[in-house]
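Here's the letter readout for the chains.
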Amino acid sequence: MGQYTASQRKNVRILLVGDAGVGKTSLILSLVSEEYPEEVPPRAEEITIPANVTPEQVPTNIVDFSSVEQSDDALAVEINKAHVVCIVYAVDDDDSLDRITTHWLPLVRATCNTNNTSNNTSGDSELSRKPIVLVGNKIDLIEYSTIDSVLAIMEDYPEIESCVECSAKTLHNISEMFYYAQKAVLHPTSPLYIMEDQDLTPACKKSLVRIFKICDIDSDNLLNDYELNLFQRRCFNTPLQPQILDEVKSVIQKNVPDGIYNDAVTLKGFLFLHCLFIQRGRNETTWAVLRRFGYNDQLEMCQEYLRPPLKIPPGSSTELSHRGQQFLIAVFERYDRDGDGALCPEEHKMLFSTCPAAPWSYSTDIRKSCPTNEAGWVTLHGWLCRWTLMTLVDVVKTLEYLAYLGFNVHENDSQLVAIHVTRERRIDLAKRQSSRSVYKCHVIGPKGSGKTGLCRGFLIEDMSKLLGKEFKTNVVHCINSVQVYGQEKHLILRDIDVRHALDPLQPQEVNCDVACLVYDASNPRSFEYIARIYIKYYAESKIPVMIVGTKCDLDERRQDYLMQPNEFCEKYKLLPPHLFSLKSNKKELYTKLATMAAFPRFQAAWILFYKHRLVQLWESAYLRQFGLMTEDPKVWIKAGLGVAAATVLGFIVLKAISGTHLR
């Protein structure tokens, strides 16, 4: 479910402290034996209550402290080990009540702060405080209540979660006391509510605002009955009955006039409702909502919620699954309020308002990495392309932002189902065909070769608009889709920045699905660099390589290298150089690159076809294998038919790579 729950806590450790004679030990023994002990030892042994007999289904350890048997150092250790401290006083002893503020509360606070300071390496000035429950014992001895006095103390000490009066002798409120202690740990008030302000904490408000936006499916800033019921089912696995729903709205309307609008709950009404839950001691309701949406006890998004473990075998890659794509399409359409098929900057900002920040820069990154409309706004196609890019190069970030956008809630499952892990590349090579739908192409070439223009040309229809433009940017990836044998494939072009000709390439700059080595056909000193790159990094690899000569609209110059590009390609069994120009506005280059990535082991076959020798070689091998070297024309015809059938696929691939004619 991707949900953080209180039951994930291993245990709750409760420590009872207080002056001698207030009844700490009696309270513990009365709870365990369900009767008042006639003989009480100086200190009760630590007891463990199994999870199945506690309201929150969490194992609970109860620890007693005795000043007679234990030292101050031992007390400090127990305070730091405890998750919650119960300070017990006797309701018939004013001195024990006064000692709460003069001794016990300052002691617990000082002990916790000393420990936190020694462990705090982040430099944070605010230190977390141990939750405290005030327990007034021996209520059977008086006919009045001390709660009013205790409430005054609670205003000065926000770490006090609750107070309760009980009696170890009559067993009155014994179970409730330990329940409140459990609750102080599992459903603490202080992260949610500021007692003196009678209001939610800023962190709680921020979290609930995000939850409201995620649940506001039609983005009208209201939660209608359908959305409220959906919210109720997601958080509590039960629908809201119509009568209860009307009562909830009535309470909101009575206390917050603008909390209801058009019979739907506004953000103000939603926040008030949670404020009311906390004021009535129903912290667990608000915590259930927060944890369902991924928050931990510090009101931060849980790492296990944002980043569920994803196993990616070596050689595999990550793509969006169908469910991932469908969710992102729904999010896009939800925020495309004018229905123009694109997200304007304001719509884009609103879409990511449930996230800490947008995962990319809209003004620069979007326009230079994926398809947009004429105004530079991301289209639905570009939106899916950009997510596809992030999923391949940074899948952890994709998982995080899917969680921020509410995938775990809307899909009612972990965002892992939004990711498809492909099979290993070695299997693709063995089968001579890739099962992937997203391929990475590294575009490598010397400075000024036109490789950045080649990448940007992939994103727009009229590539001539890029002529004469400067490309100074940190955006190194471009992504678009192409058709490979009728199937849509995404091709990611990564512009490999080469500062100096002798700079070595890193493994992550070399490894890809297909390499595009670019030289300037009009510059006689341009080809040497990519020739050296090929020999050093790709000659012995299984990565398909295409050599591209750019600026072919200019006069082609003879290269100052020991071999000309055509001769080089012939020697290393590569396709002849593909000549490319932004002026030509032809995009077959990108289809060729995607096809080479999809069929990584057919490069040798393409070259043999180009040299018009493949049929002869396969024919000879076929005849020798079956002993058909004969002059009988009928046998030759049969053999030729077999060879022709065997070479059909290679010819089709060659046609896609080399165009409709052979040079």
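First things first, this report covers the structure right here in the doc.

Analysis parameters
Counting starts from 1 at the beginning of each chain's written sequence and moves along it residue by residue. Side-chain atom pairs in this predicted model are given and counted only at pLDDT of 80 or more, local residue features only at pLDDT of at least 70, and totals for whole chains, interfaces and linings cover all residues. Side-chain calculation: all heavy atoms of the structure are included, whereas hydrogens and water are not. The buried label goes to any residue with under 20% of its type's maximum accessible area, the exposed label to any with over 50%, and the partly exposed label to all in between, with areas taken from a 1.4 Å probe on protein chains only. By definition, any uninterrupted DSSP run of H or I lasting at least four residues is a helix, any uninterrupted run of E lasting at least two residues is a strand, and each is numbered from the N terminus. Any two strands between which DSSP finds at least two bridges are classified as paired. By convention a crossover is right-handed if, when the strands point away from the viewer, the path from the first strand over the helix to the second runs clockwise. Multiply 1.5 Å by the residue count of a helix minus one, and that product is the helix's expected span. Orientation is described by lines fitted to C-alpha atoms, with helices fitted over the stretch in contact, and by angles between N-to-C directions that extend from 0 to 180 degrees. Roughly parallel means an angle under 35 degrees; roughly antiparallel means over 145; roughly perpendicular covers 65 to 115; every other angle is labelled oblique. Residue contacts are defined here by distance: any two heavy atoms, one from each residue, within 4.5 Å place the two residues in contact. Three classes are used, and their members are as follows: Ala, Val, Leu, Ile, Met, Phe, Trp, Tyr, Cys and Pro are nonpolar, Asp, Glu, Lys and Arg are charged, and the others, Gly among them, are polar. For our purposes a nonpolar core is just a set of buried Ala, Val, Leu, Ile, Met, Phe, Trp, Tyr and Cys residues, chained together by side-chain atoms within 4.5 Å.

A word on the pairing of strand 19 (residues 545–550)
Reasoning step 1: Most of strand 19 is tucked away: six of the six residues are buried.
Reasoning step 2: Burial along strand 19 is two-sided: the face carrying V545, I547 and G549 and the face carrying M546, V548 and T550 are both buried.
Reasoning step 3: Pairing between strand 18 (residues 514–520) and strand 19: six bridges, direction parallel. Counted as the bridge partner of L517 is I547 from strand 19.
Reasoning step 4: At this point the chain moves from strand 18, through helix 21 (residues 527–538), to the parallel strand 19, and the crossover so formed is right-handed.
Reasoning step 5: As a crossover connection, the stretch from strand 19 through helix 22 (residues 565–571) into strand 20 (residues 578–579) is right-handed.

What about helix 15 (residues 380–393)?
An α-helix turns once every 3.6 residues. As a result, residues three or four positions apart point the same way.
Reasoning step 1: A rise of 1.5 Å per residue sets the reference length of helix 15, with its 14 residues, at 20 Å; its end C-alpha atoms lie 20 Å apart and thus fit the reference within 8%.
Reasoning step 2: Most of helix 15 sits inside the fold, with 11 of its 14 residues counted as buried.
Reasoning step 3: Inspection of helix 15 places G382, W383, L384, C385, R386, W387, T388, L389, M390, T391 and L392 among the buried residues, and these make up the whole buried set.

Digging into the packing of helix 9 (residues 267–279) against helix 10 (residues 283–292)
Reasoning step 1: Contact geometry for helix 9 and helix 10: axes closest at 7 Å, N-to-C directions at 135°. Here helix 10 runs oblique to helix 9, going by the angle between their axes. Contact residues: H274, F277 and I278 in helix 9; N283, T285, T286 and V289 in helix 10.
Reasoning step 2: Taken together, the residues of the contact of helix 9 with helix 10 break down into three nonpolar, four polar and no charged.

Observations concerning the sheet that holds strand 3 (residues 60–64)
Reasoning step 1: Read from one edge to the other, the open sheet built from six strands follows the order 2-3-1-4-5-6, with strand pairing classed as mixed. Since the sheet does not close on itself, it has two edges, and those belong to strand 2 (47–49) and strand 6 (160–165), each with one partner. Geometrically, the sheet is characterised by an average inter-axis angle of 20° between neighbouring strands, direction not taken into account.
Reasoning step 2: Bridge analysis of strand 5 (residues 132–137) against strand 6 gives five bridges, and the strand direction is parallel. Following the sheet pairing, V133 is matched in strand 6 by S162.
Reasoning step 3: Its contacts with the sheet put helix 2 (residues 72–81) on strand 1 (12–18) and strand 3, and the angle it makes with strand 1 is roughly 140°.
Reasoning step 4: Its contacts with the sheet put helix 5 (residues 174–186) on strand 1, strand 3, strand 4 (84–90), strand 5 and strand 6, and the angle it makes with strand 1 is roughly 120°.

Remarks on the sheet that holds strand 18
Backbone hydrogen bonds are what pair the strands of a sheet, in a parallel or an antiparallel way.
Reasoning step 1: The six strands lie next to each other as 16-17-15-18-19-20, forming an open sheet whose pairing is mixed. The sheet is open, and its two edges are formed by strand 16 (477–484) and strand 20, each paired on a single side.
Reasoning step 2: Packing against the sheet, helix 21 makes contact with strand 15 (438–444), strand 18 and strand 19, and its axis sits at approximately 155° to strand 18.
Reasoning step 3: Packing against the sheet, helix 23 (residues 588–598) makes contact with strand 15, strand 16, strand 17 (487–495), strand 18, strand 19 and strand 20, and its axis sits at approximately 80° to strand 16.

A look at the pairing of strand 1
Reasoning step 1: In terms of burial, strand 1 is a largely internal element, seven of the seven residues being buried.
Reasoning step 2: The alternating pattern of strand 1 places V12, I14, L16 and G18 and R13, L15 and V17 on opposite faces, both of which are buried.
Reasoning step 3: Inspection of the sheet shows strand 1 paired to strand 3 by five bridges, in the parallel sense. In the sheet register, L15 faces strand 3, and the bridge partner there is V63.
Reasoning step 4: When strand 1 meets strand 4, the two strands line up parallel, connected through five bridges. What sits directly across from I14, in strand 4, is V84.

Description of the nonpolar core
Reasoning step 1: I211, F293, F352, W383 and W387 are the most contacted members of the largest nonpolar core, which totals 70 residues.
Reasoning step 2: With sequence-adjacent residues up to four places away left out, W387 is seen in contact with L320, L328, F352, W360, T398, Y401, L402 and L405.

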